[in-house]
Amino acid sequence: MFYHLLKYVLLGPSLRLVFRPRIEGLDHVPSSGAAIVAGNHLSFSDHFLMPAVLKRRITFLAKAEYFTGPGLKGRLTAAFFRSAGQIPVDRSGKEAGQAAVREGLGVLGRGELLGIYPEGTRSHDGRLYKGKVGVAVMALEAGVPVVPCAMIGTFEAQPPGKVVPRVRPVTIRFGEPLDFSRYAGMDHDKAVLRAVTDEIMSAILSLSGQEYVDRYAADVKAEEAERERAAKRSRSRRTPRG
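**Student:** Go over the packing of aromatic side chains, please, and point to the residues and values.
**Tutor:** One pass over the full model with this rule turns up two aromatic pairs. Consider the rings of F44 and F48, whose centres lie 5.3 Å apart with planes at 70°: the pair is edge-to-face. Ring centres 5.3 Å apart and planes at 20° place the aromatic pair F60 and Y117 in the stacked group. Here the residue F60 occupies a position in strand β3 (residues 58-63), and Y117 occupies one in the loop between β5 (113-116) and β6 (128-129), the gap between them amounting to 57 residues. What makes F60 buried here is its relative accessible area of 0%. You can call Y117 buried: its relative accessible area is 10%.

Encoded structure:
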């Protein structure tokens, strides 16, 4: 109930007014039955823009931090995501990844749409990063198609750290569903999972036109953060004390 209230009354109309999204390939999203919509992730706004334009309800695996923030803002954010039917995912450790897969398979088992960002985190620089294999595990185990999706312009509208988005048009582009039935029963083969994931990321790349980086975004972010800390320590040592 709250999901549809958000989509059609409280949030959806405002998003369409601010972003004026251009929708391409919407007919590629199955009108019924289970499927995965796998997209690039450039902005916090992505969580809301894609559901706003889809004809069907979609459930995303959202990072657990959205549900555990401190203070009033944290409680309101958690309530919002829960009411919208989003599922919290702890992204730390192997067991956490397995829990996310179980949650996703539960959504697909009910014949619903599951939204996932294979990169595992938002791109901090607008580039497309290597995908994690969880999307392949779910696609093969559930035997469902994967619809690639590209968000275009959302990074410029609301880059990381920007709370209020800029008013500018964006494009949401859906590609033809990817069928991986040829890999049925091979969801434990690491080489197959990597190949399926890479095929999904290639499809997203062809839709988005981004620069591709064959590394995990989280690793690159961590390295850049460490370099910034090291530079700060270096500057601090060079600064004379008065």
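Additional details are given in the paragraphs that follow.
**Student:** Describe the side chain of N40, listing the residues and the values that go with them.
**Tutor:** Mapped onto the fold, N40 is located in the loop between β2 (35-39) and α3 (46-53). Owing to a relative accessible area of 0%, N40 belongs among the buried residues under this scheme. Looking at N40, its side chain comes within polar contact range of the side chain of Q210, at 2.9 Å. Apart from the residues lying within four places of it in its own chain, the contact partners of N40 are D46, Y117, E119, L128, C149, A150, M151, I204, S208 and Q210.

**Student:** So what's going on with the pairing of β5? Residues and values would help.
**Tutor:** Covered by surrounding structure in β5 are L113 and G115 together with L114 and I116, the residues of both alternating faces. Across three bridges, β3 lies against β5 in parallel orientation. Note on β5: the bridge partner recorded for F60 is G115.

**Student:** Talk me through a positive patch on the surface; I want residue IDs and the actual numbers.
**Tutor:** Taken together, the side chains of K232, R235, R237 and R238 define a basic patch exposed on the protein surface. Relative to the elements of secondary structure, R237 occurs in helix α9 (residues 217-238). Judged by relative accessible area, which is 65%, R237 ranks as exposed.

**Student:** Lay out the environment of M50 with the relevant residues and their values.
**Tutor:** Topologically, M50 is positioned in helix α3. Each C-alpha atom, one on M50 and one on G39, is 9.5 Å from the other, the two residues being eleven residues apart in sequence. Sequence-distant contacts of M50, defined by excluding residues within four places in its chain, comprise V37, I58, F60, C149, M151, I172 and F174.

The rules behind these values
Residues numbered from 1 in each chain as written. Predicted model: local features only at pLDDT ≥ 70, side-chain atom pairs only at ≥ 80, totals over all residues. Heavy atoms only, no water. Phe/Tyr/Trp six-rings, centres within 6.5 Å; stacked < 30°, edge-to-face > 60°. Helix = DSSP H or I, 4+ residues; strand = E, 2+ residues; numbered from the N terminus. Buried < 20%, exposed > 50% of the residue type's maximum accessible area, 1.4 Å probe, protein only. Polar contact = N/O pair within 3.5 Å; in protein donor to acceptor, adjacent residues only side chain to side chain. Contact = heavy atoms within 4.5 Å. Pairing = 2+ DSSP bridges. Patch = residues over 30% accessible without salt bridge, like charges linked within 9 Å, V, L, I, M, F, W, Y side chains within 5 Å. Areas by Shrake-Rupley, 256 points an atom, 1.4 Å probe, with all protein chains shown as cover. Salt bridge = Lys/Arg side-chain N within 4 Å of Asp/Glu carboxyl O. Lys, Arg positive; Asp, Glu negative; His and termini not counted. Charge placed at Lys NZ, Arg CZ, Asp CG, Glu CD.

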